[in-house]
Amino acid sequence: MLIEKDKPFYNVTQVSEILGISADRLRTYDEECLVSPARVGKGDKRLYSELDVEWLQDVRTIISKNRMNIYSFKLMLKVLNLINDKSFEYLVKNEPNDDIWKIFERMRTNPNYAKLNNVK
């Protein structure tokens, strides 16, 4: 079965298994506005798209590799939003820790990045 990347499909249990994190951690990411899963049915059941799962994998990688807390990660997103494309391209090509910048580069193309431009 082919899943459209932007269509909500995965429930909390499935995503927590894919990412190897608890359902509570997923709810925290939602509460902290790091991801906005679709809400469906009674009780507003959360459903995540493939793009949401990819986004969360990148979030987890950056947070764990850099030992960041959620506040620091959100601050980093705000800073990245202020950098113009040319400066960002320079960082991706020239920073010694370029794997993180490449992850951020991928994240900037994910619809979740646009949703988080106004991160609190």
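Values in this document were obtained by computation on a predicted structure and should not be read as measured data. (Residues numbered from 1 in each chain as written. Predicted model: local features only at pLDDT ≥ 70, side-chain atom pairs only at ≥ 80, totals over all residues. Heavy atoms only, no water.)

Enquirer: Sorry if this is basic, but what is going on with the pattern of salt bridges here?
Expert: For the structure shown, the criterion picks out eight salt bridges. For Asp24, the salt bridge goes to Arg27, with nearest N and O atoms at 3.2 Å. In this pair, Asp24 and Arg27 are both assigned in helix H2 (residues 23-31), three residues apart and thus about one turn of the helix distant. Of the charged contacts, one joins Asp85 and Arg108 as a salt bridge, the two residues approaching to 2.6 Å between their closest N and O atoms. Note that Asp85 is positioned in helix H5 (residues 85-94) and Arg108 in the loop between helix H6 (98-107) and helix H7 (111-115), a separation of 23 residues in sequence. Through salt bridges with shared partners, a single network forms among Asp30, Arg39 and Arg46. (Salt bridge = Lys/Arg side-chain N within 4 Å of Asp/Glu carboxyl O. Helix = DSSP H or I, 4+ residues; strand = E, 2+ residues; numbered from the N terminus.)

Enquirer: Before we go on, may I ask you to explain the side chain of Asn112 in this structure?
Expert: Note that Asn112 resides in helix H7. Residue Asn112 is classed as buried on the basis of its relative accessible area of 3%. Excluding its chain neighbours within four sequence positions, the residues that come into contact with Asn112 are Val35, Ser36, Leu51, Asp52 and Trp55. (Buried < 20%, exposed > 50% of the residue type's maximum accessible area, 1.4 Å probe, protein only. Contact = heavy atoms within 4.5 Å.)

Enquirer: Please explain the packing of aromatic side chains as it appears in this structure.
Expert: The relative placement of two aromatic rings is captured by the distance of their centres and the angle of their planes. Counted according to the given criterion, the structure contains four aromatic pairs. On the numbers, 5.0 Å between centres and 85° between planes, the contact of Phe9 with Tyr10 is edge-to-face. Ring geometry for Phe88 against Trp101: centres 6.1 Å apart, planes inclined by 75°, an arrangement best described as edge-to-face. With Phe88 in helix H5 and Trp101 in helix H6, this residue pair connects regions lying 13 residues apart in the sequence. Summarising the burial analysis for this pair, Phe88 and Trp101 share the class buried. Here Arg108 stacks its cationic end above the ring of Phe88, 4.0 Å away from the centre of that ring. (Phe/Tyr/Trp six-rings, centres within 6.5 Å; stacked < 30°, edge-to-face > 60°. Lys NZ or Arg CZ within 6 Å of the ring centre and 35° of its normal.)

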